[in-house]
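# Coordinate analysis (summary)
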Amino acid sequence: MASCLVTALLLLLLLDVLQECPEAVAAHPRNGSRSSVAPNPCVDAADACTSDERCHRLRTAYVAQCLGRAAPGGCPRARCRRALRHFFARGPPALTHALLFCPCGGPACAERRRQTFVPSCAFSGPGPAPPSCLGPLDACEHSRICRPRLLAFQASCATTASSPDGCLRDQAPSCLRAYAGLVGTAITPNYVDNASARVEPWCDCRASGNRREECEVFRGLFTRNRCLESAIQTFDGGWPPILRNQLDSHQDPEQSLLQVSTADASLEGSSLLSMLLVLALQSLF
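Not measured: the values here are computed from a predicted model.

Time to look at the overall build of the protein chain. Helices and strands together make up the secondary structure of the protein chain, namely 14 helices and 2 strands. A burial count over the protein chain gives 45% of its 285 residues as buried. Across the protein chain, the fraction of contacts at a sequence separation of at least 24, relative to all contacts at a separation of at least 6, is 70%. For the protein chain, the exposed area adds up to about 14,800 Å²; of that, 56% sits on carbon and sulfur atoms.

Printed below as a string of structure tokens:
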């Protein structure tokens, strides 16, 4: 178990540095001149979570579970999803939601957001193609954990005819909370690519037979939900104060393991990446 936690910590550091170093290197030419680095809110959110003891502990726990060993070719999906539910239920909401909904203006940031909760275990699989949505939906409806969360999501993100845009006023926070509550359940949703903020569960309706309409209605809760889409897109209407405070209180480079000196980004970034990769691989064996 100790080895798994060490590996998880190293891989967390590697994931964070991988997202920062390419931008830093690209922003600093060989002659050492300095230029601005494109902002990446998802990196800021990860830094803020790392700076918070509870958020960091819970994040490390789910990474350890989701990257753990299971049957050959598989992953401990049940343990992974349980750890994810604990992360979103027990972690500081401002920090956990910032990781999940960080606003992105480019593919590097969006890919970081898509990879937030180790989707190769928690979201997709075990096969290469998504299954029918009827399987996860039926599993959810018979689960004492998933069913109430799905009902809460349907109610919190529902459209209404009484509003010009189809969504209730101040609906976004409760909609995002309900969406986050589905992560780690049988119908765990995620971003579909790194070019948009579209989300959906890992399933489709091609093999739904005479339940095709029921299947499409379920998928539509994610793929055709204007209130959910609006809530995700407007999350950057102002970073939560707790997140800004976390970032402001950890600006000293000497206090952060994740910060690479901008003056020596090319040299130090590559060295740190190599060191973390070697340590992570050693701890796996």
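This next bit is on unusual backbone geometry. The phi dihedral of Val118 is positive, around 50°, even though this residue is not glycine. Counting through the fold element by element, Val118 comes out in the loop between helix 6 (107–114) and helix 7 (119–122). Located in the positive-phi region is Asp170, a residue other than glycine, with phi close to 60°. Along the polypeptide, Asp170 turns up in the loop between helix 9 (146–156) and helix 10 (172–182). Among the residues examined, Asp170 registers a relative accessible area of 65% and is labelled exposed.

Two elements in contact, helix 3 (residues 53–66) and helix 4 (residues 77–90), have axes separated by 8 Å at closest approach and are oriented at 165°. In terms of orientation, helix 3 lies roughly antiparallel with respect to helix 4. Once helix 3 is placed against helix 4, the crossing between them reads as left-handed. For the pair helix 3 and helix 4, contact is made by Arg54, Cys55, Leu58, Arg59, Ala61, Tyr62, Gln65 and Cys66 and by Arg79, Cys80, Ala83, Leu84, His86, Phe87 and Arg90, respectively. Looking at the contact of helix 3 with helix 4 residue by residue, the class counts come to 9 nonpolar, 2 polar and 4 charged.

Moving on, we come to helix 5 (residues 93–101). Within helix 5, 8 of the 9 residues are buried, leaving the element largely enclosed by the surrounding structure. Taken as a whole, helix 5 has its buried residues at Ala94, Leu95, Thr96, His97, Ala98, Leu99, Leu100 and Phe101.

Once that is clear, we can look at the state of the cysteines. Within this structure, the stated rule accounts for 10 disulfides. One disulfide bridge connects Cys75 with Cys121, the sulfur atoms lying 2.1 Å from each other. Here the S-S torsion is close to 90°, and the disulfide linking Cys75 with Cys121 is therefore right-handed. Here Cys75, found in the loop between helix 3 and helix 4, pairs with Cys121, found in helix 7; they are 46 residues apart in sequence, far enough to count as distant. The two residues Cys75 and Cys121 agree in class, both being buried. At a sulfur-sulfur separation of 2.0 Å, the disulfide partner of Cys133 is Cys203. Because the sign of the S-S torsion sets the handedness, a value of about 85° for the bond joining Cys133 and Cys203 places this disulfide among the right-handed ones. One end of the pair, Cys133, is in the loop between helix 7 and helix 8 (134–141); the other, Cys203, is in the loop between strand 2 (199–201) and helix 11 (212–223), with 70 residues separating them in the sequence. A relative accessible area of 3% places Cys203 in the buried class.

Tracing the backbone through its elements, the reader meets Asn40 in the loop between helix 1 (2–27) and helix 2 (41–51). A distance of 3.1 Å separates a polar side-chain atom of Asn40 from the backbone nitrogen of Cys42.

This next bit is on the environment of Cys55. Mapped onto the secondary structure, Cys55 falls in helix 3. Separated by 32 residues in sequence, Cys55 and Phe87 have C-alpha atoms that sit 7.5 Å apart. Once residues lying within four places of it in the same chain are set aside, the contact partners of Cys55 are Cys49, Phe87, Pro92 and Leu95.

Thresholds, definitions, all that
Residues numbered from 1 in each chain as written. Predicted model: local features only at pLDDT ≥ 70, side-chain atom pairs only at ≥ 80, totals over all residues. Heavy atoms only, no water. Helix = DSSP H or I, 4+ residues; strand = E, 2+ residues; numbered from the N terminus. Buried < 20%, exposed > 50% of the residue type's maximum accessible area, 1.4 Å probe, protein only. Contact = heavy atoms within 4.5 Å. Areas by Shrake-Rupley, 256 points an atom, 1.4 Å probe, with all protein chains shown as cover. Axes fitted to C-alpha atoms, helices over the stretch in contact; angles between N-to-C directions. Parallel < 35°, antiparallel > 145°, perpendicular 65-115°, else oblique. Left-handed = near helix turned anticlockwise from the far one by under 90°. Nonpolar A, V, L, I, M, F, W, Y, C, P; charged D, E, K, R; others polar. Disulfide = S-S within 2.5 Å. Polar contact = N/O pair within 3.5 Å; in protein donor to acceptor, adjacent residues only side chain to side chain.

In short, geometric facts, not functional conclusions.
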